[in-house]
Amino acid sequence: MNNINIRNVAIIAHVDHGKTTLVDAMLKQSGIFRSNEKVEERIMDSNDLERERGITILAKNTSVFYNDIKINIVDTPGHADFGGEVERVLKMVDGVLLLVDAFEGVMPQTRFVLRKALELKLKPIVVVNKIDRPDARPIEVVDEVLDLFIELGADDEQLEFPVVYCSAKEGIAKYSLEEDSNNLKPLFETIIENIPSPDGDINGSLQMLVTTIDSNDYVGRIAVGKIYRGKIRKNQQVAVVDRDGNVRNAKVVTLYTFNGLKREEIEEGQVGDIVAVAGISDINIGETISDIENIEALPFVQIDEPTLS
Ligand code: GDP
């Protein structure tokens, strides 16, 4: 066991089922929950303009805090065309949130991503959203999800998925439809309890797998991925191992973590976290950033041809 205060979770949803609204609501309530504190007042007092403004486009990586635990939320492309990317994203996380509209129910476009998540033995949490809709039929929708899981070959543990009922619009979540709620605490709690913290040896030598490439005009290519072992530091000399096992030297010029919707510069990143590294101008997806003294590649995530089903 380890005690890494991180949870890495991917969010899967059909378009318009409320992914952006939900992450937005989670951001607004990020960091406001502390043990022994009354939540209601904190939400009401929250006068942070940044938080109130809301987001319109979901970032690929967002993080929120709950009781000092950092939850990294990674968006998944909804469509099978992004087969390889879906697989790489899912390899970074230890669980998924399947978000389903309480009226529309399960939609075929999420099947591909869901099947991949089930194949990778990830633990799903089913979030039935928009329970405030007058035409909502949340109980039936949960049954539909169960049928879909069976059809997609979910194992026994996956079939016992926790369900959270939610209105992202109102910023509330519940364990059952009968109870009252004025916040998302049940959702945060379900994530913390059901999704394992990432594995990995903090004292081992650095291994980070590059999952996506970002870029901006100032720093050029930015490698985003999870630290599988050890720590990474700003200014560190590292080895980069490509997919054929070739090694080259490089330097971590700038290091970022994800904080809310923003990238935030840090001096050091630790095992389990998802970080971004600038300064390696020729970095590619699938490459390992490794300790220079102990060069070891992580297995490359194969890009499958998307199978439309
Ligand atoms: P996304 O495409 O999954 O990111 O969906 P959005 O978050 O953009 O939401 C799509 C639409 O559903 C928007 O008009 C939202 O206002 C609406 N919506 C999202 N969550 C809820 C909810 O809990 N209840 C209701 N009634 N509408 C919601």
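Residues numbered from 1 in each chain as written. Predicted model: local features only at pLDDT ≥ 70, side-chain atom pairs only at ≥ 80, totals over all residues. Heavy atoms only, no water.

(A) Expanded view of the pattern of salt bridges. Overall, the coordinates contain 18 salt bridges when judged by the stated rule. Note that K28 and D24 form a salt bridge whose closest N and O atoms lie 3.8 Å from each other. One end of the pair, K28, and the other, D24, are both in helix α1 (residues 19-28), 4 residues apart, so they sit about a helical turn from each other. According to the relative accessible area criterion, K28 is partly exposed, its value standing at 30%. Between E151 and R111 there is a salt bridge; the shortest N-O distance is 2.8 Å. (Salt bridge = Lys/Arg side-chain N within 4 Å of Asp/Glu carboxyl O. Helix = DSSP H or I, 4+ residues; strand = E, 2+ residues; numbered from the N terminus. Buried < 20%, exposed > 50% of the residue type's maximum accessible area, 1.4 Å probe, protein only.)

(B) Expanded view of the sheet that holds strand β16 (residues 274-278). Overall, antiparallel pairing links the 8 strands, which are arranged β12-β11-β17-β8-β9-β16-β13-β14 in an open sheet. Of all strands in the sheet, those bounded by a partner on one side alone are β12 (247-251) and β14 (262-265). Each strand axis lies, on average, 40° off the axis of its neighbour in the sheet, ignoring direction. Two strands pair when backbone bridges link them, and strand β8 (residues 207-216) and strand β17 (residues 288-291) are joined in this way by 3 bridges, in the antiparallel orientation. For L209, the partnering residue across the bridge sits in β17 and is T288. (Pairing = 2+ DSSP bridges. Axes fitted to C-alpha atoms, helices over the stretch in contact; angles between N-to-C directions.)

(C) Spotlight on the pairing of β8. Here β8 pairs with strand β9 (residues 220-229) via 9 bridges, running antiparallel. Looking at the pairing, Q207 lines up with R229 of β9. Hairpin connection between β8 and β9: a loop of 3 residues separates the two successive antiparallel strands.

(D) The arrangement of the UniProt feature "binding site: GTP" (unreviewed entry) in the protein chain in detail. UniProt's entry tags D16, H17, G18, K19, T20, T21, N129, K130, I131 and D132 with the feature "binding site: GTP" (unreviewed entry), counted in the numbering of this structure. Relative to the assigned elements, G18 resides in the loop between β1 (6-13) and α1. Look at G18 and you get buried, because its relative accessible area is 10%. (UniProt positions renumbered as here; feature names shortened; annotations may be inferred.)

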